[in-house]
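Observations on chain architecture
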Amino acid sequence: MQQPEAYGYHSVTGLPYSHKTKLAAGLLSIFFGYFGAGRFYAGYTGLGFAMLIVNIVLTVVSLGTWLVVAWIWPVIDGIVLLAGEPKDKKGLP
């Protein structure tokens, strides 16, 4: 007889769930993704800094016209975080 699943553990891998939620990471990415907020929250500081630097540099270089398309990367990133099974920096689901 199979034992019931322990609360807070992934049913397939048996890893404990991260204390960071994918809902928070996805919404932070969609609404504040220009600054890399969703990735900073998930612990991926390198990717968060990359998003921040790329967006700032391209905004300055393009004299602000980059702001029109700068929302595309964070929105797609937020959708991926919400729809997929993202893991935090420690590899926890």
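Residues numbered from 1 in each chain as written. Predicted model: local features only at pLDDT ≥ 70, side-chain atom pairs only at ≥ 80, totals over all residues. Heavy atoms only, no water.

Another aspect to go through is the side chain of R39. Within the secondary structure, R39 is located in helix α2 (residues 37-42). A polar contact is formed between the side chain of R39 and the side chain of D77, at a distance of 2.7 Å. In this structure, R39 is in contact with Y44, T45, L47, G48, M51, D77 and L81, ignoring residues within four places of it in sequence. (Helix = DSSP H or I, 4+ residues; strand = E, 2+ residues; numbered from the N terminus. Polar contact = N/O pair within 3.5 Å; in protein donor to acceptor, adjacent residues only side chain to side chain. Contact = heavy atoms within 4.5 Å.)

Applying the stated rule across the entire model yields two aromatic pairs. Note on Y34 and F35: the rings are 5.2 Å apart at their centroids and 80° apart in plane angle, and the pair reads as edge-to-face. Residue Y34 is classed as buried on the basis of its relative accessible area, which comes to 18%. For the ring pair F40 and F49, a centre distance of 5.1 Å and an interplane angle of 90° mean the geometry is edge-to-face. The class for F40 is partly exposed, based on a relative accessible area of 28%. Sitting over the ring of Y41, K20 keeps its end group 5.7 Å from the ring centre. (Phe/Tyr/Trp six-rings, centres within 6.5 Å; stacked < 30°, edge-to-face > 60°. Buried < 20%, exposed > 50% of the residue type's maximum accessible area, 1.4 Å probe, protein only. Lys NZ or Arg CZ within 6 Å of the ring centre and 35° of its normal.)

This paragraph deals with the environment of V69. With respect to the helices and strands, the residue V69 is situated in the loop between α3 (45-61) and α4 (72-83). Measuring from C-alpha to C-alpha, the distance between V69 and T59 comes to 9.9 Å, with ten residues separating the pair along the chain.

This part covers a nonpolar patch on the surface. The grouping of V68, V69, W71, I72, I76 and V80 at the surface amounts to a nonpolar patch, some 570 Å² of accessible area in total. Checked against the element boundaries, I76 lands in helix α4. (Patch = residues over 30% accessible without salt bridge, like charges linked within 9 Å, V, L, I, M, F, W, Y side chains within 5 Å. Areas by Shrake-Rupley, 256 points an atom, 1.4 Å probe, with all protein chains shown as cover. Salt bridge = Lys/Arg side-chain N within 4 Å of Asp/Glu carboxyl O.)

Here we come to the layout of surface pockets. The space that makes up the largest pocket amounts to roughly 270 Å³. K20, T21, K22, P86 and P93 are, among the 20 residues lining the largest pocket, the residues nearest its centre. When contributions to the lining of the largest pocket are tallied by element, the ones reaching two or more residues are α1 (22-32) and α2. Top element by residues in the lining of the largest pocket is α2. It accounts for three residues. Considered class by class, the residues forming the lining of the largest pocket number nine nonpolar, five polar and six charged. (1 Å grid on protein atoms, 1.4 Å probe; cavity = no way out; pocket = protein on both sides within 12 Å on 5 of 7 lines; lining within 4 Å. Points joined across faces, edges and corners; volume = space filled by probe spheres on them. Nonpolar A, V, L, I, M, F, W, Y, C, P; charged D, E, K, R; others polar.)

With that settled, consider the packing of α1 against α4. Geometry of a packed helix pair, given as the angle between the helix axes and the separation of the axes. Contact geometry of α1 with α4 gives a least axis separation of 7 Å together with a crossing angle of 170°. With respect to α4, the element α1 is oriented roughly antiparallel. On α4, the residues that touch K22, L23, A25, G26, S29 and I30 of α1 are P74, V75, D77, G78, L81 and L82. Classifying every residue of the contact of α1 with α4 by side-chain character gives seven nonpolar, three polar and two charged. (Axes fitted to C-alpha atoms, helices over the stretch in contact; angles between N-to-C directions. Parallel < 35°, antiparallel > 145°, perpendicular 65-115°, else oblique.)

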